[in-house]
Amino acid sequence: MAGWFLVAIFWYTVAWEVEWVEWFGIRYIPFINPGALVWIAMAISGFYISKRLLVEEQVKNREGYSSLFAIASLIVIGGLFTVQIQNFWDAYYIISIKIGLTLSFMWFLFALVISLWGAYSKESIYKWLGYAVIAISSIKVLLIDLNGESSIYKLIALLLIGGTSLLIGYVNNKWSENENEHEQNLA
C-alpha cells in the first residue's frame, strides 16, 4: 500500500512534463498516450486495492484504508483529466475557449460523478469530497476564471455552475428520500 502511494506521489510530481508520442501521424491523442495510460493504470490499481481491502479480514481498519485508496484513485482520475485537457489545449493551440474555465467545468462534472458515486454507494465521504471539489472550483471560477470577463460570459459560466450544483443537490436529495422510504418500509 505504501508503495502505491509513493508511486502516486512521484507520478503527480513528474506527470505534467511527460513527452507526447505521435501516433498515426497525430500530434496528440487524449487518453491514448503513454502518460495517460500510466494515470489510468494507477487509477485502476488503486480501485482494485480499495476493493480488495474490503475482503481482507486480516487488515485492521480495512474500510478506512479502502476509502483512502478510493479517494486517492479519484484524485488520480482528476489529475488525468486535468493533464489531458491541458495537453490538448497546448497541442492544438486552442485559444478561442479559455482553458481555466474549461478545467473548472470539467472539475464540476468530476464533482458530479463523485457525488453520484457517494449517493449510489451510500458513503458520505464521497459526497463530501464532491462538495469540496465544487466549493474549490466555484471559488476558482469566481475569483480567477471570470475576473475581467464580460457580463454575458459570466452569466453563461454561472448558469453552468449553478445547473451542475443543482443537479448534484437534486440527485443527492432524491436518493436520500428513496433510502429513507426504503428504511421506513423495512421497519
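Look a little higher up for the structure.
Residues numbered from 1 in each chain as written. Predicted model: local features only at pLDDT ≥ 70, side-chain atom pairs only at ≥ 80, totals over all residues. Heavy atoms only, no water.

Draft legend 1. Structural context of helix 3 (residues 62-92). The end-to-end C-alpha distance of helix 3, which contains 31 residues, comes to 45 Å, matching closely the 45 Å that a straight helix rising 1.5 Å per residue would cover. Count one or two residues on from helix 3 and you reach Tyr 93, which has phi positive near 50°. (Helix = DSSP H or I, 4+ residues; strand = E, 2+ residues; numbered from the N terminus. Expected span 1.5 Å × (residues − 1).)

Draft legend 2. Seen up close, the nonpolar core. Core analysis: the largest hydrophobic core is formed by 21 residues, its most contacted members being Ile 114, Tyr 126 and Val 141. Listing elements by their share of this core, those giving two or more residues are helix 3, helix 4 (99-121), helix 5 (124-145) and helix 6 (151-186). Tallying contributions element by element places helix 4 first for this core, with eight residues. The residues touching Val 141, leaving out its near neighbours within four places in the chain, are Leu 101, Ser 104, Phe 108, Leu 146 and Ile 161. Listed in part, the 13 residues of the second largest apolar core include Trp 4, Met 42, Phe 69 and Val 76. (Core = buried A, V, L, I, M, F, W, Y, C linked by side-chain atoms within 4.5 Å. Buried < 20%, exposed > 50% of the residue type's maximum accessible area, 1.4 Å probe, protein only. Contact = heavy atoms within 4.5 Å.)

Draft legend 3. Spatial organisation of unusual backbone geometry. One non-glycine residue, Phe 24, adopts positive backbone phi at about 55°. Structurally, Phe 24 can be placed in the loop between helix 1 (2-14) and helix 2 (34-55). Within the chain, Phe 31 stands out as a residue other than glycine whose phi angle is a positive 70°. Mapped onto the elements of the fold, Phe 31 is located in the loop between helix 1 and helix 2. Judged by its relative accessible area of 32%, Phe 31 is partly exposed.

Draft legend 4. Summary view of the packing of aromatic side chains. In total, this model carries nine aromatic pairs according to the counting rule given. Judged by centre distance (5.5 Å) and plane angle (75°), the rings of Phe 31 and Phe 81 are edge-to-face. Linking Phe 31 in the loop between helix 1 and helix 2 with Phe 81 in helix 3, this pair joins segments that are 50 residues apart in sequence. Seen in terms of ring centroids, Phe 88 and Tyr 92 are 5.1 Å apart; in terms of plane orientation they differ by 55°. Their pairing is tilted. Of the two residues, Phe 88 and Tyr 92 both sit in helix 3, four residues apart, roughly one turn of that helix. Judged by its relative accessible area of 34%, Tyr 92 falls in the partly exposed class. (Phe/Tyr/Trp six-rings, centres within 6.5 Å; stacked < 30°, edge-to-face > 60°.)

Draft legend 5. Region of the structure containing the pattern of salt bridges. Evaluation of the coordinates by the stated rule reveals two salt bridges. Its salt-bridge partner being Glu 63, residue Arg 62 comes within 3.5 Å of it at the nearest N-O pair. (Salt bridge = Lys/Arg side-chain N within 4 Å of Asp/Glu carboxyl O.)

Draft legend 6. Molecular detail of the side chain of Ser 138. Within the fold, Ser 138 resides in helix 5. We classify Ser 138 as buried; its relative accessible area is 17%. Once residues lying within four places of it in the same chain are set aside, the contact partners of Ser 138 are Phe 108 and Ile 161.

Draft legend 7. Quick look at a nonpolar patch on the surface. Together, Phe 105, Leu 109, Ile 152, Leu 155, Ile 156, Leu 159 and Leu 160 give the surface a local cluster of nonpolar side chains, amounting to about 640 Å² of exposed area. Residue assignment for the nonpolar patch shows that the elements contributing at least two residues are helix 4 and helix 6. Residue contributions to the nonpolar patch peak at five residues, all from helix 6. As for its position among the elements, Ile 156 is in helix 6. (Patch = residues over 30% accessible without salt bridge, like charges linked within 9 Å, V, L, I, M, F, W, Y side chains within 5 Å. Areas by Shrake-Rupley, 256 points an atom, 1.4 Å probe, with all protein chains shown as cover.)

Draft legend 8. A look at the side chain of Asp 145. Residue position: Asp 145 is located in helix 5. Among the residues examined, Asp 145 registers a relative accessible area of 10% and is labelled buried. A distance of 2.5 Å separates polar atoms of two side chains, one belonging to Asp 145 and the other to Ser 104. What Asp 145 contacts, discounting residues up to four positions off in sequence, is Gly 100, Leu 101, Ser 104 and Lys 140. (Polar contact = N/O pair within 3.5 Å; in protein donor to acceptor, adjacent residues only side chain to side chain.)

Draft legend 9. Representation of the packing of helix 1 against helix 2 within the structure. Running from amino to carboxyl end, helix 1 crosses helix 2 at an angle of 155°, the nearest separation of the two axes being 11 Å. Comparing the axis directions of helix 1 and helix 2 gives the class roughly antiparallel. In this structure, the crossing between helix 1 and helix 2 has a hand that is left-handed. Residues Trp 4, Val 7, Ala 8, Trp 11 and Tyr 12 of helix 1 pack against Gly 35, Val 38, Trp 39, Met 42, Ser 45, Gly 46 and Ile 49 of helix 2. Classifying every residue of the contact of helix 1 with helix 2 gives nine nonpolar, three polar and no charged. (Axes fitted to C-alpha atoms, helices over the stretch in contact; angles between N-to-C directions. Parallel < 35°, antiparallel > 145°, perpendicular 65-115°, else oblique. Left-handed = near helix turned anticlockwise from the far one by under 90°. Nonpolar A, V, L, I, M, F, W, Y, C, P; charged D, E, K, R; others polar.)

Purely spatial values, then, with no claim about function.
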